[in-house]
Amino acid sequence: MTGDGRLGTVDNPSPATAHLTVGHWRAFIRWLHANHPNVSDLSHVIRSHFEAWATLGETAATSEPGRRNRLVALSRLWAYSQALPPRHRLAEPPWTRRRMRPYLGEVPARSDNSTEPIPTATMGPLLTAAMFYVDRHLARATSSPALKQADRMALSGAGLVVIAYLTGMRPHEVMALRRGCSTIVEDPDGTRRYEVHGEVSKGVRDETGRHITAGIPREQPWVTIEPAYRAIQALERLAEEAGQDVLFGHLRSGRTGTRIGNIITVDGGNERISAFIQHANEHSAINGYPPIPDGPDDKPTLSRFRRTLAWHIVRQPGGEIALGVQYGHMRIVTGQGYAGRSEAGMLDVIDLEEVALALDTIDAIAERLSAGEVISGPAADTVKARVERVRHEFAGVKRTDRELARLRGLSHLQVFDVPHTLVVCAFQPSTAACLDSEEAAERRRTPAADRCVTGCANAARTNGHIAALRQRVHEAEADRDVSPAPLARRLDRQIQAWRDAITTHEQAAAAVTQRQPTTGQGPVGARNDS
């Protein structure tokens, strides 16, 4: 099956896909029997029947994947029917040799939050509580009494949160983890790397083309940080006590919903996370961590953790996430964990969040300029040009993942707000003072914000930045007056550089004011206080 839904060769679907496909076949046959009783054989199906079935899908399935699956199922039925005698074969559906899009109808925008980032106000307390449960369990003596069922369920949910979030693994990859999956690797420079070895089953087939349900070992491990490694240790102890090989097995007998052996399903994992949140909130006051918000929009599910990790890596809300997890470090280790992989992995999710952040930054700057703020600095004209271009080209565009992927790499989206240096960066690798020659030659798409250099050709500032800069000057002057001479001299140089930037901005603002029309209606980018 090709990526756009056209049929290439007869494939060997996984058991889950086969079950879904047969369900669509049954629905199609029932529909034919109810609406076209004269159709008593597959060979009687004609083009108008296919088109009516496709139109019915616009109400039967609200999502694009749902509608696509209904049509792909009939493409499979046509392909398999070629093994029947000619007089019983299904005619070829019209979408198998053409694009499927015209047969999908108008697909509404997704309204669910299944892959939206978990709100920071939820993720912070959730991670805090989860790590508390993990650390408390590891601190227990091995001779301690066995945990009660509710405590075991809560610990399993806590470990699931920590591992899924801090590794960026897909839900089914997390659920397949087994005892002994984690290792510590000592690099020659003494750096410790925490690796997680698991299995992959998506798209895995044997030499005959059949789907390997049990999966195969993943060639390259995931690289994570210590809290995730500790969570695995805690769950390994829990699994050992239960006599299980898997980390996320059923905690009591008689349960249904197994996937492979005794591994719980993703839905079962989500139930376990919900049970942990309830347990953690009941004991938050005693244990000393904040309660976890539990509203409908806050509901953490396994499908949301990858996107949430990517969101925080890109945006890095300093100090708001539990225990100051170093997201810059997470970007490095996550990049190592997915290096060289051509599939849509964690780095692709991070890239989408970077595009979303760029659009948010441009929207914010556009609002400032429309409100009359002045922008100054070497890159002021570049920033304004990029803002105007984005507003013109993408006004009203819905920010779906597909659209964000399409925008990835566009040079006029390279606008970054750098809070710690109070600048807007209209990034261009060839003129970026934060990059060395090798980095510039590699055509990086993002600045090295931790090496932002005053006076860079890519920098600009708005009125808001200048107001914050004035406050920073005031604070630095107070620090200088009580600092030793060497530090005071360094602060003097920094204060002077900031004052120069303020003066440049004031001059730019004065020049804009002089160019204002006498009608009192100033241009965009000029504040009119008259």
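Here the structure is shown first, and the text comes after it.
All values reported here derive from a predicted model rather than from experimental measurement.

Student: Whenever I open this one, the packing of helix 16 (residues 463-480) against helix 17 (residues 485-514) confuses me. Can you help?
Tutor: The axes of two packed helices give the description: the angle between them and the distance between them. For the pair helix 16 and helix 17, interaxial distance at closest approach is 10 Å and the crossing angle is 155°. By the criterion of interaxial angle, the relationship of helix 16 to helix 17 is roughly antiparallel. You can see that helix 16 and helix 17 cross each other, and the crossing is left-handed. In this structure, helix 16 uses Asn463, Ile466, Leu469, Arg470, Arg472, Val473, Ala476, Glu477, Asp479 and Arg480 to contact helix 17, whose residues at the interface are Ala488, Leu491, Asp492, Ile495, Trp498, Arg499, Ala501, Ile502, His505 and Glu506. Grouping the constituent residues of the contact of helix 16 with helix 17 by class yields 10 nonpolar, two polar and eight charged.

Student: Before we go on, may I ask you to explain the nonpolar core in this structure?
Tutor: The tendency in soluble globular proteins is for nonpolar side chains to be buried side by side. Residues Ile163, Phe248, Phe276 and Phe305 are the most contacted members of the largest nonpolar core, which totals 53 residues. Those elements that provide at least two residues to this core are helix 4 (120-139), helix 5 (149-167), helix 6 (171-175), helix 7 (226-241), helix 8 (266-282), helix 10 (302-315) and helix 12 (346-370). A per-element tally of this core places helix 5 first, with 10 residues. If near-sequence neighbours (up to four positions away) are discounted, Phe248 is found in contact with Ser156, Leu160, Ile163, Val174, Met175, Leu235, Asn262, Ile263, Ile264 and Arg272.

Student: When you look at the packing of helix 4 against helix 7 in this model, what are you seeing that I'm missing?
Tutor: For the pair helix 4 and helix 7, interaxial distance at closest approach is 9 Å and the crossing angle is 55°. Here helix 4 is positioned oblique relative to helix 7, judged by the angle of their axes. Crossing of helix 4 over helix 7 shows left-handed handedness. Of the residues in helix 7, those touching helix 4 at Met131, Val134, Asp135, His137 and Leu138 are Pro227, Arg230, Ala231, Gln233, Ala234, Arg237 and Leu238. A breakdown of the residues in the contact of helix 4 with helix 7 according to their chemical character gives seven nonpolar, two polar and three charged.

What counts as what
- Think of each chain on its own: its residues are numbered from 1, step by step along the sequence as written.
- Residue-level local features of this predicted model are given only where pLDDT is at least 70; pairs of side-chain atoms are given and counted only at 80 or more, and the full residue set underlies all totals for whole chains, interfaces and linings.
- The side-chain values count all of the structure's non-hydrogen atoms but skip hydrogen atoms and water molecules.
- Lines fitted to C-alpha atoms define the axes, with helix axes restricted to the stretch in contact, and inter-axis angles between N-to-C directions lie between 0 and 180 degrees.
- The numbering of helices and of strands both runs from the N terminus, where a helix is a DSSP run of H or I of at least 4 residues and a strand a run of E of at least 2.
- Relative orientations are named as follows: roughly parallel for angles under 35 degrees, roughly antiparallel for angles over 145 degrees, roughly perpendicular for angles from 65 to 115 degrees, and oblique for any other angle.
- We call a crossing left-handed when the near helix sits turned anticlockwise from the far one by less than a right angle, and right-handed when that turn is clockwise.
- Every residue pair with non-hydrogen atoms within 4.5 Å of one another is taken to be in contact.
- In the scheme used here, Gly and all other residues not listed as nonpolar or charged are polar, with Ala, Val, Leu, Ile, Met, Phe, Trp, Tyr, Cys and Pro taken as nonpolar and Asp, Glu, Lys and Arg as charged.
- Only buried residues count toward a nonpolar core. Its members are Ala, Val, Leu, Ile, Met, Phe, Trp, Tyr and Cys residues joined through side-chain atoms within 4.5 Å.
- Only protein chains enter the area calculation, which uses a 1.4 Å probe; residues under 20% of their type maximum are buried, those over 50% are exposed, and those in between are partly exposed.

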